[in-house]
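# Residue-level structural notes
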Amino acid sequence: MPYDPELRGNGCPVFKKCGGCQLQNLTYPEQLRYKQGRCVALLGRFGHVGRIIGMEEPYHYRCKVQAGFAKTRAGLVSGVYQSGSGRVVPVEGCMIEDEVCSGAVAHVRDTLRELRIRPWDGRTGDVRHVLVRRGLYSGELMVVVVTQTRQLPSKNAFVENLLRRMPGITTVVHNVCADPLPLTLGRENEALYGAGSIVDTLLGKTFRISPNSFYQVNPAMTGTLYRTALDFLDLKGSETLLDAYCGTGTIGIAASDSAGRVIGVELNSDAVRDAKLNARMNGADNAEFYRGDATAFMEAMAERGEKLDALVMDPPRAGSSARFIRSAVKAAPERIVYVSCEPETLARDLALFTGSGYRVRRIQPVDMFPHTKHCEVVASLTRDSASR
Ligand code: SAH
């Protein structure tokens with residue numbers, strides 16, 4: 001059903017308490033205009049900002065859903081953590097969550113209820129939260145149950161009960177996390193059922209995703225985002241490409257058919273393990289992946305005097321570092337494609353590149369996160385001929 005462009009989402013009963021969809025009092029076309037304006041204000045000084053690519057159906061796009069649990073007078077509830085108080089706000093029917101994922105959360109809650117497994121309340125109890133991830137194209141569904149200690153009471157009964165309610169679940173993982181921050185995962189994962197990870201398909205490649213690995217939350221738009229990045233990279237077939245902040249290797253592997261050699265670097269060891277496996281699974285034998293800090297890796301490359309033909313970088317919201325950029329300039333890639341999830345830090349980093357012999361060619365916002373204030377931007381830079 002096509003969505004109504006006049007619709008405002010502020011009918012959501014937990015709008016204020018949740019805080020997740022900051023722009024829901026605007027219609028979707030208004031949201032896109034707002035994001036476009038923000039990108040122009042922050043990035044317009046570097047060049048023309050392309051018209052933001054929005055979603056056709058900007059609802060239920062999040063294929064990664066997390067929920068906390070709390071005991072109330074009405075019984076066990078699941079929902080989001082209220083920022084500030086840390087209390088669980090019960091949520092039924094979130095407009096941005098994938099409905100299969102939301103359904104899985106409800107089934108986990110009902111299973112916990114039935115088996116009288118208690119939520120962790122900060123002092124006692126067991127289950128802290130649940131993470132659900134769905135492969136949009138593969139249909140695979142992963143449920144990760146996070147407990148405070150190694151103990152998950154009635155473990156076998158839990159899995160059995162849950163699968164009976166929702167046979168479409170392809171894997172159930174138990175994660176242990178004592179970190180006081182809400183919605184974090186611990187390092188330890190035990191597959192209680194299935195492979196302990198799921199796969200999904202993007203741009204004709206298959207990717208394995210583990211509980212702790214980063215993977216874009218909006219797979220319907222990820223193809224558009226990566227296609228834009230690949231298009232801006234404009235590889236001819238023989239280039240050496242560095243994929244920095246590579247996660248599970250998605251961009252580098254998608255680019256591997258049109259590059260000579262792909263090198264990926266990523267901090268999270270689980271993501272690197274997935275990236276190596278993903279390269280093998282897709283026959284990308286020209287792709288290699290390393291675990292490490294992108295800045296340290298880039299500095300070491302520059303010190304060895306190694307050169308790059310192309311660089312794609314996709315750092316977290318904090319952006320990259322001045323040291324990374326200084327070393328990247330020494331490796332002298334003809335083309336740099338910067339995939340950013342925070343236009344503010346992108347502006348800061350582009351200023352460093354343009355001050356070191358690079359010119360911004362294209363800037364393309366992509367709306368990966370409708371109804372929220374967040375905005376993804378792909379920017380491409382080329383080396384000035386004077387600095388060659
Ligand atoms: N390009 C990937 C991942 C982008 S998210 C994709 O599209 O799926 C950003 C990634 O940067 C995360 O995987 C995170 O673990 C990683 N990261 C964060 N800080 C880093 C650092 N200092 N060095 C290398 N990788 C880092």
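Residues numbered from 1 in each chain as written. Predicted model: local features only at pLDDT ≥ 70, side-chain atom pairs only at ≥ 80, totals over all residues. Heavy atoms only, no water.

Further remarks concern the nonpolar core. Counting residues in each nonpolar core, the largest one holds 87 residues, and the members touching the most others are Leu-43, Leu-242, Met-313, Phe-324 and Phe-353. A total of 6 residues in this core trace back to one element, the largest contributor, which is helix α5 (residues 219-233). There are two domains that each give this core at least three residues, and those are domain 1 (43-54 + 218-387) and domain 2 (64-196). Discounting residues that sit within four places of it in the chain, Leu-43 has contacts with Val-49, Pro-343, Leu-346, Ala-347, Leu-350, Ile-363 and Val-377. (Core = buried A, V, L, I, M, F, W, Y, C linked by side-chain atoms within 4.5 Å. Buried < 20%, exposed > 50% of the residue type's maximum accessible area, 1.4 Å probe, protein only. Helix = DSSP H or I, 4+ residues; strand = E, 2+ residues; numbered from the N terminus. Domains from an automatic or database assignment. Contact = heavy atoms within 4.5 Å.)

Here the structure, examined in full by the defined rule, presents 3 aromatic pairs. Between Tyr-245 and Phe-324, the aromatic rings sit 5.8 Å apart at their centres with planes inclined by 50 degrees, giving tilted as the arrangement. Remark: Phe-324 occurs in helix α9 (residues 322-331) and Tyr-245 occurs in the loop between β10 (240-244) and α6 (250-255); sequence separation between them is 79 residues. (Phe/Tyr/Trp six-rings, centres within 6.5 Å; stacked < 30°, edge-to-face > 60°.)

This part is about the sheet that holds strand β12 (residues 287-291). Hydrogen bonding along the main chain pairs the strands of a sheet, whether they run parallel or antiparallel. Pairing in this open sheet of 7 strands is mixed, and the strands run β12-β11-β10-β13-β14-β16-β15 from one edge to the other. Looking along the sheet, the strands with just one partner apiece sit at the ends: β12 and β15 (358-366). Along the sheet, successive strands turn relative to each other by an average axial angle of 15 degrees, direction set aside. One ladder, built from 4 bridges, connects β10 with strand β13 (residues 310-313); its direction is parallel. Following the sheet pairing, Leu-242 is matched in β13 by Leu-311. Set on the sheet, helix α8 (residues 294-303) makes contact with β10, β11 (261-266) and β12; between it and β11 the angle comes to about 135 degrees. (Pairing = 2+ DSSP bridges. Axes fitted to C-alpha atoms, helices over the stretch in contact; angles between N-to-C directions.)

Right, let's get into the domain arrangement of the chain. Parsing the chain into structural domains produces domain 1 (43-54 + 218-387) and domain 2 (64-196). One C-alpha centre belongs to domain 1, the other to domain 2; they are set 33 Å apart. Facing 7 residues of domain 1, the contacting portion of domain 2 comprises 5 residues. With both chains or domains summed, domain 1 and domain 2 bury close to 450 Å², and 57% of this area falls on carbon and sulfur atoms. For domain 1, the biggest contributors to the area lost against domain 2 are Pro-219, Asp-270 and His-371; these three give 65% of the whole. On inspection of domain 1 and its partner domain 2, the count reaches 1 salt bridge. Here Asp-270 and Arg-187 are joined by a salt bridge, their closest N and O atoms 3.2 Å apart. Between the two partners, domain 1 and domain 2, sit 2 residue pairs in polar contact (both at pLDDT 80 or more). Of the residues assigned to the side of domain 1 that touches domain 2, the class counts are 3 nonpolar, 3 polar and 1 charged. (Buried area = accessible area lost by both parts, 1.4 Å probe. Salt bridge = Lys/Arg side-chain N within 4 Å of Asp/Glu carboxyl O. Polar contact = N/O pair within 3.5 Å; in protein donor to acceptor, adjacent residues only side chain to side chain. Nonpolar A, V, L, I, M, F, W, Y, C, P; charged D, E, K, R; others polar.)

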